[in-house]
Amino acid sequence: MTDKSLLRARNFPSAEDEARAAQPHGRYDGPGSSFRMAFTDTDFLLREELRPVRLQLELLKPELIQQEQGVESTVVVFGSARFKAPDVAAAMLVEARADGDQEAIRKAEQMVRNARWYEEARRFAELVTRESGALGEPVIVATGGGPGIMEAGNRGAHEAGGRSMGMSIFLPFEEAPNPYITPELCFQFHYFAIRKMHFLMRAVALVSFPGGLGTLDELFEVLTLTQTGKIRRRPIVLIGREFWQKLIDFDVLVEHGVISPKDKELFHYAETAEEAWDVIKAAYQGDNPALVARQMRGN
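Residues numbered from 1 in each chain as written. Predicted model: local features only at pLDDT ≥ 70, side-chain atom pairs only at ≥ 80, totals over all residues. Heavy atoms only, no water.

### Focus: the packing of helix α8 (residues 192-201) against helix α9 (residues 213-227)
To keep it simple, the criterion reads: Every axis in this analysis is a line fitted to C-alpha atoms, fitted for helices over the stretch in contact. Angles between the N-to-C directions lie between 0 and 180 degrees. Each helix is a run of DSSP H or I of at least 4 residues and each strand a run of E of at least 2, with the numbering of both proceeding from the N terminus. With respect to orientation, any angle under 35 degrees is reported as roughly parallel, any angle over 145 as roughly antiparallel, any angle of 65 to 115 as roughly perpendicular, and every other angle as oblique. In a left-handed crossing the near helix is turned counterclockwise from the far helix by less than a right angle, and in a right-handed crossing that turn is clockwise. We call two residues contacting when some pair of their heavy atoms lies within 4.5 Å. By the convention adopted, Pro, Cys, Tyr, Trp, Phe, Met, Ile, Leu, Val and Ala count as nonpolar, Lys, Arg, Asp and Glu as charged, and the other residues, Gly among them, as polar.
Interaxial distance between α8 and α9 falls to 11 Å at its minimum, and their mutual angle equals 60°. The pairing of α8 with α9 is recorded here as oblique in orientation. As for how α8 packs across α9, the hand of that crossing is right-handed. Touching Arg 195, Lys 196, Phe 199 and Leu 200 of α8 are Asp 217, Glu 218, Glu 221, Val 222 and Leu 225, all from α9. A class-by-class count of the residues in the contact of α8 with α9 yields four nonpolar, no polar and five charged.

### A closer look at the environment of Pro 138
Structurally, Pro 138 is set in the loop between α6 (102-130) and β2 (140-143). In this structure the C-alpha to C-alpha distance between Pro 138 and Glu 72, which are 66 residues apart in sequence, comes to 7.9 Å. Beyond its immediate chain neighbours, meaning those up to four positions away, Pro 138 contacts Ser 73 and Ser 132.

### Thoughts on the pattern of salt bridges
Note the threshold: Throughout this description, the term salt bridge denotes a Lys or Arg side-chain nitrogen within 4 Å of a carboxyl oxygen of Asp or Glu.
Counted according to the given criterion, the structure contains 19 salt bridges. Within this structure, Glu 119, Arg 122, Glu 126, Arg 130, Arg 155 and Glu 159 form a network of salt bridges that share partners.

### Some points on the packing of aromatic side chains
Operational definition: Each Phe, Tyr or Trp ring, with Trp reduced to its six-membered ring, pairs with another whose centre is within 6.5 Å; inter-plane angles below 30 degrees give stacked pairs, above 60 give edge-to-face pairs, and intermediate values give tilted ones. Exposure categories follow from relative accessible area, calculated using a 1.4 Å probe and restricted to protein chains: below 20% of the type maximum is buried, above 50% is exposed, and the middle band is partly exposed.
Enumeration over the complete set of coordinates arrives at five aromatic pairs. Between Phe 78 and Phe 199 the ring centres are 5.3 Å apart and the planes differ by 80°, which places this aromatic pair in the edge-to-face class. Remark: Phe 199 occurs in helix α8 and Phe 78 occurs in strand β1 (residues 74-78); sequence separation between them is 121 residues. For Phe 78, a relative accessible area of 4% gives the class buried.

### Things to note about the side chain of Arg 54
Just so we agree on the cut-off: As used throughout, the charge tally considers Lys and Arg to be positive and Asp and Glu to be negative, leaving His and the chain termini uncounted. Throughout this description, a polar contact denotes any pair of N or O atoms lying within 3.5 Å of each other; where both atoms belong to protein, one of them has to be capable of donating a hydrogen while the other can accept it, and for residues adjacent in sequence the pair is counted only when both atoms sit in side chains.
Position of Arg 54 among the secondary structure elements: in helix α4 (residues 51-68). Within the buried core, Arg 54 has no salt-bridge partner, and the shortest N-O distance to an opposite charge, that of Glu 48, equals 5.2 Å. A distance of 2.7 Å separates the side chain of Arg 54 from the backbone oxygen of Arg 47, its partner in a polar contact. Excluding residues within four positions of it along the chain, Arg 54 makes contact with Leu 45, Leu 46, Arg 47, Glu 48 and Tyr 191.

### What about the layout of surface pockets?
To be explicit about the condition: Lining residues are defined by having an atom within 4 Å of a point belonging to a cavity or pocket. Those points lie on a 1 Å grid over the protein atoms alone, cavities being sets where a 1.4 Å probe fits but cannot get out and pockets being open sets with protein on both sides within 12 Å along at least five of seven lines. Grid points are joined across faces, edges and corners, and a volume is the space filled by probe spheres set on the points.
Computed from the structure, the largest pocket encloses a volume of approximately 1,200 Å³. Of all the secondary structure elements, the ones that give two or more residues to the lining of the largest pocket are β1, α6, β3 (164-169), α8, α9 and α10 (241-247).

### Comments concerning the pairing of β1
This is how the line gets drawn: Following DSSP output, two strands are said to pair if at least two bridges run between them.
Of all five residues in β1, five are buried; the element is thus mostly enclosed. Of the two faces of β1, both are covered, the one formed by Thr 74, Val 76 and Phe 78 as well as the one formed by Val 75 and Val 77. By the bridge criterion, three bridges tie β1 to β2 in an arrangement that is parallel. The partner of Thr 74 across the bridge, within β2, is Ile 140. Of the pairings in the sheet, the one linking β1 to strand β5 (residues 203-208) comprises five bridges and is parallel in character. Pairing of Val 76 across the sheet is with Leu 206, part of β5.

### Quick word on the nonpolar core
What counts here: To qualify as a nonpolar core, a set must consist of buried Ala, Val, Leu, Ile, Met, Phe, Trp, Tyr and Cys residues joined through side-chain atoms within 4.5 Å.
The biggest cluster of nonpolar side chains holds 31 residues, and the ones touching the most others in it are Val 76, Met 165, Leu 206, Ile 236 and Phe 267. Counting only elements with at least two residues in this core, the list comes to β1, β2, β3, β4 (186-189), α8, β5, α9 and β6 (236-239). Ranked by residue count, the leading element in this core is α9, at four residues. Ignoring sequence-local partners within four residues, the contact set of Phe 267 consists of Leu 223, Ile 236, Leu 238 and Phe 250. Counting 29 residues, the second largest nonpolar core, distinct from the first, contains Val 128, Leu 135, Trp 277 and Tyr 284.

### Looking at the sheet that holds β3
Two orientations exist for strands paired in a sheet by backbone hydrogen bonds: parallel and antiparallel. Strand order in the open sheet formed by seven strands is β4-β3-β2-β1-β5-β6-β7, and the pairing between neighbours is parallel. Bordering the open sheet on either side are β4 and β7 (268-270), each of which pairs with just one other strand. Direction aside, neighbouring strands of the sheet carry axes that sit 25° apart on average. In the packing of α9 onto the sheet, the strands contacted are β1, β5 and β6, and the crossing angle to β6 comes to about 150°.

### Thoughts on α9
Selection criterion: A helix is expected to span 1.5 Å for every residue after the first.
End to end, α9 covers 20 Å across 15 residues, agreeing with the expected 21 Å (1.5 Å per residue, within 8%). If you check which residues of α9 are buried, you get Thr 215, Glu 218, Leu 219, Val 222, Leu 223, Leu 225 and Thr 226. Check the buried side of α9 and you find it contacts β1, α8, β5, β6 and α10. One or two steps after α9, the chain reaches Gly 229, where phi turns positive at roughly 75°.

Okay, structure coming up:
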């Protein structure tokens, strides 16, 4: 009699099983051999012609893992990688004053002032994590995975006992991912474009603290896609009105006719973690059908 369990066994060996079993050997296990299966051959996968495949893999891996981890909605936190926690900044200032280096003192004093934003980002992430159901569904904090404001965002979620996501980009001068990211949700990207797409795919809100070129790149990507209708409307909050208005004069853009007055409604200003979270909650708790927290799966 046939074992019925065998009738229901998979028709082909898994790729994992065959990759493990089909290791090259003898004269075909050396440099230049083409014997390895294509999906196990790193040299092949890294060829210039395989960039489209690598782009697809980089999009697919985080998507599948987030599905498996039950992540449907995120609140994304942007901001400078250079800001320090208040205690670290204070220690830097003490050291600079002890050395008597005036330029180092000036920089350390600015770092102490910037530490305010680290603390607000930490508290914001803690608020979102503790009140993750306030938007009508669970949300988690997502960051770029690095130091500074990104670390603060992951740290706040961690200290609140929740999960958070980190989407690191490989940079030759960047540190390892910060230690507060949920390991199952810690990703590394090669392509900035795919990373930015993942920032938006599950985002129900985006909060930008003061930052440099990377922060501006991410912020203007979101603003442009929203302005042009390529993505749906969602709350975009800029923390620190004085910083942002000094850096970007949106009135000048309106005056020159390169944006519409209505485009200034694409974002909100806030000063504190509480204000930012209130803006986001008000958007989703109000009667605005254009702002729906539940993500639409499709194109």
